[in-house]
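What the coordinates show
Chain by chain, the residues:
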Amino acid sequence: MPNSLKTLGEYIIENQTHFQYAEGELSRLMNSITLAAKVVNHEVNKAGLVDITGASGNENIQGEQQQKLDVFANTVFINTLKRRDIVCGFASEEEDDFVIVPEEEGGFHHKYIVLIDPLDGSSNIDVNVSVGTIFSIYRRVSPVGTPVNQSDFLQKGRNQVAAGYIVYGTSTMLVYTTGHGVNGFTLNPALGTYYLSHPNMQFPQTGKVYSINEGNYVHFPQGVKDYIKYCQREEEDRPYTSRYIGSLVSDFHRNMIKGGVYIYPTSSKAPKGKLRLLYECNPMAFLAEQAGGKASDGYVSILDIEPTELHQRVPFFVGSVKMVEKAESFMAMYPHEH
Ligand code: AHM
Ligand code: MG
């Protein structure tokens, strides 16, 4: 890593104005997330060596098998956020309900809440494929000095003050936004330091990659089926290339760099889709818009959806503007499916 590259710490200090009303709280919060990510990164990278991989035998609230590393990552992030006296509450894809940081632990006087998917794509761990952490930060809407409540967590994605992901891939990267564009930092594992390797990341306007689990084709809505056929047709710059890792963070990351669209639609098997609005879609949608891309449920912008429950699922279309818009135009032909 060249010495001239800026470190994450330097970048945060130089861009304090991005955290305008935060009085250092938000930058301390970012530091805690990146610290926890280093711990998780270390564990993920040695997963093949120790007996920590494999199902833990517990199921999470959505009835899915948790892998041991999910449990580990969840504990690391929660403990880091809780013990460092920086947030008033948090929610995790792996926890049934949101957690109030109690008054004794300083929770009531803080301003920020965090929603996190500690280890997304965990079915990929056993086969050495990249996984990621996704996070989303909001200002509380309840008064400072009181315990957080549900209304703090059920805010529209538009209200996010920061969001990002860490991808534990061929190299470990942190990609985040505070509403001033998207920047990517690569971890130098020898030094434990993140360097600004991808300044001002941008989705190309269009691309040639479509990412969708085509195995579910027969269960998809007609608009999605038609869009897939459009991607495969021999015309203009098509057929497109199909790339699907099955790890949202990695699929999104590739598409942001190369241009592409990721779709997880509703299906007759999953009538509301699979991905969670609060832990997965909102933070990715915020990043997408900040990088000049687009995110929707096929009809309306993800960031404008009013959440009604913590573990709500939504269909998800995200990526290069022109590709998302094209997919939406096919969905619009079947408005009754909305
Ligand atoms: P998870 O939160 O249980 O890991 O599920 C989310 C993951 C995404 O990372 C990925 O894009 C998708 O599920 C893959 O699902 P499928 O195997 O149904 O295609
Ligand atoms: Mg997930």
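Residues numbered from 1 in each chain as written. Chains lettered and ligands numbered in written order. Predicted model: local features only at pLDDT ≥ 70, side-chain atom pairs only at ≥ 80, totals over all residues. Heavy atoms only, no water.

1. Notes on the site of ligand 1
- Near ligand 1 you find 17 residues, and of these Asp120, Tyr244, Leu248, Tyr262 and Tyr264 are the closest.
- Separating an oxygen atom of ligand 1 from a side-chain N or O atom of Asp120 is a distance of 2.5 Å.
- In the environment of ligand 1, an oxygen atom lies 2.7 Å from a nitrogen or oxygen atom belonging to the backbone of Leu248.
- Protein contact buries 84% of the 470 Å² of open area that ligand 1 shows by itself.
- Elements represented by at least two residues in the shell around ligand 1 include exactly strand S5 (112-120) and strand S13 (260-264).
- Here the shell around ligand 1 spans two domains, and each of domain 1 (8-198) and domain 2 (209-337) adds at least three residues to it. (Near = heavy atom within 4 Å. Polar contact = N/O pair within 3.5 Å; in protein donor to acceptor, adjacent residues only side chain to side chain. Areas by Shrake-Rupley, 256 points an atom, 1.4 Å probe, with all protein chains shown as cover. Helix = DSSP H or I, 4+ residues; strand = E, 2+ residues; numbered from the N terminus. Domains from an automatic or database assignment.)

2. Let's talk about the domain arrangement of the protein chain
- Along its sequence, the protein chain is carved into domain 1 (8-198) and domain 2 (209-337).
- A C-alpha centroid distance of 24 Å is found between domain 1 and domain 2.
- At the interface, 48 residues of domain 1 touch 34 residues of domain 2.
- Taken together, both faces of the contact between domain 1 and domain 2 bury some 3,000 Å²; the carbon and sulfur share is 60%.
- Per-residue buried area on domain 1 facing domain 2 is highest for Leu154, Arg158 and Tyr165; these three make up 21% of the total on that side.
- Seen at the junction of domain 1 and domain 2, the total is three salt bridges.
- Between Glu93 and Arg276 there is a salt bridge whose closest N-O contact spans 3.7 Å.
- The tally of links from domain 1 across to domain 2 stands at 14 residue pairs in polar contact (both at pLDDT 80 or more).
- Tallied by class, the residues present in the side of domain 1 that touches domain 2 amount to 22 nonpolar, 17 polar and nine charged. (Contact = heavy atoms within 4.5 Å. Buried area = accessible area lost by both parts, 1.4 Å probe. Salt bridge = Lys/Arg side-chain N within 4 Å of Asp/Glu carboxyl O. Nonpolar A, V, L, I, M, F, W, Y, C, P; charged D, E, K, R; others polar.)

3. Regarding the sheet that holds S13
- The strand order S12-S11-S13-S15-S14 describes an open sheet built from five strands, whose pairing is mixed. Of all the strands in the sheet, just strand S12 (241-242) and strand S14 (294-296) have a single pairing partner and so form its edges.
- In the sheet, S14 pairs with strand S15 (residues 316-319) via three bridges, with the strands oriented antiparallel. In the sheet register, Ala295 faces S15, and the bridge partner there is Val318.
- Set on the sheet, helix H7 (residues 277-290) makes contact with S14 and S15; between it and S15 the angle comes to about 30°. (Pairing = 2+ DSSP bridges. Axes fitted to C-alpha atoms, helices over the stretch in contact; angles between N-to-C directions.)

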